[in-house]
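One-letter residues, chain by chain:
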Amino acid sequence: GKYGLRITAVCGWAIAAEWFHDCVARFFPTAEIRAIYPHRPGDIDEANELLNARPSHLYIGYSLGSLWLLHHRQNLPTSATKALLAPILGFTREQGYGGKTSITQLKYFIKLLKRNPDDSFALKDFYSLCNFSVPESLLQAIPDHQALIRGLEFLRDVSVPESAAKDFMAIVGEDDNFSDPFMLKCRMP
């Protein structure tokens, strides 16, 4: 209700907001949850709009959403709790922050998406890497290809220093195809 816990949950790449909303709701059944998918992750105005529209008590960023929260952290209320799931400080291996994907692989994936905007093969390939089974209905609910490409370009171009994560809780899995958990543990609490 009016005085309940307010949560803003920021989706990972190619994750439908409805799906992420339902995942968060399982753990916080009485909370007021807003799941957001930044369509232009590098855009400061969009970040201002999404984050200032409705201040929350808890912010959860998942994968790309974690990097987005860290990148736009100046828009988060200092009193809020901030949590990162499968956190990203820098996505590509070359950035040296625990990412496992080479810049070459990422550029190739961007090229695939640009070349075949209607082909969901590349997405299904990505989901299988995540051990993720996505219902067909949710494939319809993910953002358009331009937003997906901008998300990958954000992952290609943006990294944040480990100090950016100092006020965040982080949860990382031991078996993650995209991040080295041990390298991440050395860099963030």
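Each remark here, short or long, concerns the structure printed above.
So, here is what we can say about the structure in this document. (Residues numbered from 1 in each chain as written. Predicted model: local features only at pLDDT ≥ 70, side-chain atom pairs only at ≥ 80, totals over all residues. Heavy atoms only, no water.)

1. Remarks on the pairing of strand E4 (residues 81–85)
Where strand E3 (residues 58–62) lies against E4, five bridges are found, and the strand directions are parallel. Following the sheet pairing, Tyr59 is matched in E4 by Lys82. Traced from E3 through helix H3 (residues 64–71) to E4, the parallel crossover comes out right-handed. Relative to strand E5 (residues 169–171), E4 is paired through three bridges, and the arrangement is parallel. (Pairing = 2+ DSSP bridges. Helix = DSSP H or I, 4+ residues; strand = E, 2+ residues; numbered from the N terminus. Right-handed = clockwise from strand over helix to strand, strands pointing away.)

2. Comments concerning the packing of helix H4 (residues 103–115) against helix H7 (residues 145–157)
Two numbers describe how H4 lies on H7: the axes approach to 10 Å, and their chain directions differ by 165°. By the angle between their directions, the pair H4 and H7 is classed as roughly antiparallel. Crossing of H4 against H7: the hand is left-handed. In this structure, H4 uses Ile103, Leu106, Lys107, Phe109, Ile110, Leu113 and Lys114 to contact H7, whose residues at the interface are His145, Leu148, Ile149, Leu152, Glu153, Leu155 and Arg156. Split into classes, the residues belonging to the contact of H4 with H7 amount to nine nonpolar, one polar and four charged. (Axes fitted to C-alpha atoms, helices over the stretch in contact; angles between N-to-C directions. Parallel < 35°, antiparallel > 145°, perpendicular 65-115°, else oblique. Left-handed = near helix turned anticlockwise from the far one by under 90°. Contact = heavy atoms within 4.5 Å. Nonpolar A, V, L, I, M, F, W, Y, C, P; charged D, E, K, R; others polar.)

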